[in-house]
Amino acid sequence: MMSFLEVFQYTRQDSAVHNLDPRSKMMLAFTLAVISLLFLNIIPLMIILMAMLPLLAAAKSLRRWARSMKGMSYLLLFIIIFNTLLSTVSNPFSHSIALAIRLLALMTSFSIFFLTVHPDQLAQALIQMRVRFEFAFAMSMAMRYVPTLGQEAYAIMDAQKARGVELDKGNVLKRIRNIVPIIVPLIIVSIRRALSVAESMESRGFGASENRTYMELLRFRRRDWAVLFVSILLLVGSIYTRLFVTLPIWMLFQLPF
Amino acid sequence: MALVEFADFSFKYLGADSLALRKVSASVNEGEYVVITGPSGCGKTTLCRTANGLVPHFHRGYIAGNVFIDGQNTRDATVAKLASTVGLVFQNPANQLVTLNVEKELAFGPENLGVVPEEVRQRVEEIIDLLNLEHLREKHPHEMSGGEQQRVAMGATLALKPKVLVADEPTSNLDPRSAELILDIIANLNKRNGMTVILVEHRLDLVAKDASRIILMDKGQIIADGIPRDVLSMDISSEIGVGIPKATQVYKRLQAKGIELSRVPLTGEELALLVGEAKRR
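Calculation notes
- Residues numbered from 1 in each chain as written.
- Chains lettered and ligands numbered in written order.
- Predicted model: local features only at pLDDT ≥ 70, side-chain atom pairs only at ≥ 80, totals over all residues.
- Heavy atoms only, no water.
- Salt bridge = Lys/Arg side-chain N within 4 Å of Asp/Glu carboxyl O.
- Helix = DSSP H or I, 4+ residues; strand = E, 2+ residues; numbered from the N terminus.
- Buried < 20%, exposed > 50% of the residue type's maximum accessible area, 1.4 Å probe, protein only.
- Pairing = 2+ DSSP bridges.
- Axes fitted to C-alpha atoms, helices over the stretch in contact; angles between N-to-C directions.
- Contact = heavy atoms within 4.5 Å.
- Domains from an automatic or database assignment.
- Phe/Tyr/Trp six-rings, centres within 6.5 Å; stacked < 30°, edge-to-face > 60°.
- Lys NZ or Arg CZ within 6 Å of the ring centre and 35° of its normal.
- Buried area = accessible area lost by both parts, 1.4 Å probe.
- Polar contact = N/O pair within 3.5 Å; in protein donor to acceptor, adjacent residues only side chain to side chain.

Enquirer: Quick one: what's the story with the pattern of salt bridges, residue by residue and with numbers?
Expert: If you walk through the whole model with that rule in mind, you get 26 salt bridges over all chains. Note that B:Arg121 and B:Glu103 form a salt bridge whose closest N and O atoms lie 3.4 Å from each other. In this pair, B:Arg121 is assigned in helix α5 (residues 117-131) and B:Glu103 in helix α4 (residues 102-112), connecting sequence segments 18 residues apart. Taking the relative accessible area as the measure of exposure, B:Arg121 reaches 24% and is therefore partly exposed. Given the relative accessible area of 10%, B:Glu103 is considered buried. Measuring nitrogen to oxygen at the nearest pair gives 2.7 Å for the salt bridge that ties B:Glu103 to B:Arg137. Taken together, the positions of B:Glu103 in helix α4 and B:Arg137 in the loop between α5 and α6 (146-158) put the pair 34 residues apart, joining distant regions of the chain. Residue class for B:Arg137 comes out buried when judged on its relative accessible area of 17%. In this structure, a network of salt bridges that share partners links the residues A:Glu216, B:Glu103, B:Arg121, B:Glu125, B:Glu134 and B:Arg137.

This is the structure we're talking about:
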């Protein structure tokens, strides 16, 4: 059911999009997201969504995207039905279709970023955008310990089951209460682990030097400048269009109900 | 002065009832391979933490006496400052790997100390060569086995180019084969590169033959300190319950039965040789 989140998970690929600098991709994703928030008509949103597909194809991730979107179809259906029933605008169905497309477009724009940027690169990009090393590193460490924590959670679940805790029985309330014997040991174990990790980092000079160096720095190449330039142009252009240009009639097309 | 010098050092953790170390005096010279052993809770880990300043800077408590590392008093020198002198490897490999791939892990220490990027790159390549990590280069810690993780963790410590390698039970979470590999690497570092090593280890079977000295600890005190053959054949060793090598145990049994071998054996081969000698006599 949560399979649609896969679209935000980095996949190792060798593609033109993967090789772009994360900072230029950040700008690109931001631009696409803003554009999809600027318009609320079916046709412009469709154009934006369609324009993103070649990008996904260039990132060799079209199939992954399609699979995740299929996983999201229930959520979209839900949005469409409830909006149609509860909305007060004149053409509720048309409006909710547009909303659903907007959600898709937003997710896709961010997925272009997260699918193709390794967490390490993201951290490095943040550092080079003047975010303090400690914060950027904390983020990358969170990524590092997610699978470890998951493993630990399973081990604790097994241990509790072995002692007779029935984790998957009872009504909703009971099941929620069942989380307690998992979460409490997990927190304790994590705190202990944190201490031991801190010990190890301290021993390797974490925070020792004011001028920490980096083995590899991200570099803007010509194509990164090109992407950045095009993104800014698109952003300014679409904001201008939204504010000062009346869209042609066919762009404002609405479904009749 | 010796490279590592404990001078009547005592320590009590904040909130603990008893001393973790009591009046420990010992010194380790350059090029030595010292194995520390003793039952759990005897202060081995605290001794390791003391060597790089984690005690008293990270773990708070009450201290008496002094520890000098390469002439610096650990009361004044911070952990970070000692990082390029003493490299510490811990028990749990997963807790020592904090980045998302092996290259970054190896670079982490030198980067922290502000080493120039070209040299960081060079050190990383050296370590990858030295510890045979080529195939792991891009791996996430989660994708590696325990033995591989520990090898990387050791590499990450060695990347700081320490003068002393202190390893606190680096093999306790590993299977026998990986453990042997790790201990071989440590022995080689000592033999070929002249690295000073302080190793806490229970599997004396595997390390006694390479060690130049064994320190036996119990209840926060040093009980015995000498060359492996002497320490392991002492009665006190079997009384506290350390993992005495089988060959040495056989030697003692034979001695009790009146058969005297010419020296204390540490390995099976050595024992066979000595028994052969005794038979011929």
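Still more ground to cover, so stick around.
Enquirer: Hey, could you go over the sheet that holds strand β9 (residues 213-218) of chain B for me, with residue numbers and the actual values?
Expert: All names here are of chain B. Taken in spatial order, the 6 strands line up as β6-β7-β8-β3-β9-β10 in an open sheet, and their pairing is mixed. Each of the sheet's edge strands pairs with one partner strand only, and the pair in question is β6 (86-89) and β10 (221-226). Neighbouring strand axes in the sheet, compared pairwise and without regard to direction, differ in orientation by 15° on average. Pairing of strand β3 (residues 33-37) with β9, which is carried by 4 bridges, proceeds in the parallel orientation. Following the sheet pairing, Val35 is matched in β9 by Ile214.

Enquirer: Pulling in residues and values, what's your account of unusual backbone geometry?
Expert: Looking along the chain, the bond that leaves B:Val55 and enters B:Pro56 is cis, with omega of 10°. A positive phi angle is found at A:Lys60, which is not glycine, with a value near 55°. Relative to the helices and strands, A:Lys60 is located in the loop between α2 (42-58) and α3 (62-86). One non-glycine residue with positive phi stands out, namely B:Asp70, at about 50°. Turning to its location among the elements, B:Asp70 is positioned in the loop between β4 (61-69) and β5 (72-73).

Enquirer: Pulling in residues and values, what's your account of the environment of A:Ile79?
Expert: Residues and elements named next belong to chain A. You can see Ile79 is positioned in helix α3. Each C-alpha atom, one on Ile79 and one on Ile97, is 8.7 Å from the other, the two residues being 18 residues apart in sequence. Those residues within four positions of Ile79 in sequence are excluded, and the remaining contacts are Ser96 and Leu103.

Enquirer: Run through the domain arrangement of chain A, naming residues and quoting values.
Expert: What the domain assignment reports for chain A is domain 1 (2-117 + 220-252) and domain 2 (132-203). For domain 1 of chain A versus domain 2 of chain A, the distance between C-alpha centres works out to 34 Å.

Enquirer: So what's going on with the packing of aromatic side chains? Which residues, and what values?
Expert: Ring pairs (aromatic) are described by centroid distance and by the angle formed between their planes. As enumerated under the stated definition, the model contains 12 aromatic pairs over all chains in all. Both rings, one in B:Phe11 and one in B:Tyr13, keep their centres 5.0 Å apart while their planes meet at 90°; by these two values the pair is edge-to-face. Classification of B:Phe11 as buried rests on a relative accessible area of 0%. Across the ring face of A:Tyr145, the terminal group of A:Arg144 is positioned such that the distance to the ring centre comes to 4.2 Å.

Enquirer: Please provide a residue-by-residue account of the pairing of β10(B), values included.
Expert: Examined bridge by bridge, β9(B) and β10(B) share 5 bridges and lie antiparallel to one another. Bridging across to β10(B), B:Ile214 finds its partner in B:Gly226.

Enquirer: Outline the interface of chain B and chain A, listing residues and values.
Expert: With 42 residues of chain B at the interface, the matching set in chain A holds 37 residues. Summing the contributions of chain B and of chain A, the shared interface buries around 3,200 Å²; its carbon and sulfur component is 55%. Three residues stand out in chain B for area buried against chain A, namely B:Asn95, B:Leu100 and B:Asn112, and they jointly supply 21% of the buried area on that side. Where chain B touches chain A, the interface holds 4 salt bridges. Between B:Glu105 and A:Arg204 there is a salt bridge; the shortest N-O distance is 3.0 Å. Applying the counting rule to chain B against chain A returns 18 residue pairs in polar contact (both at pLDDT 80 or more). Those elements that provide at least two residues to the side of chain B that touches chain A are α3 (79-82), α4, α5 and α6 of chain B. Element by element, the count of residues in the side of chain B that touches chain A is highest for α4(B), at 9 residues.

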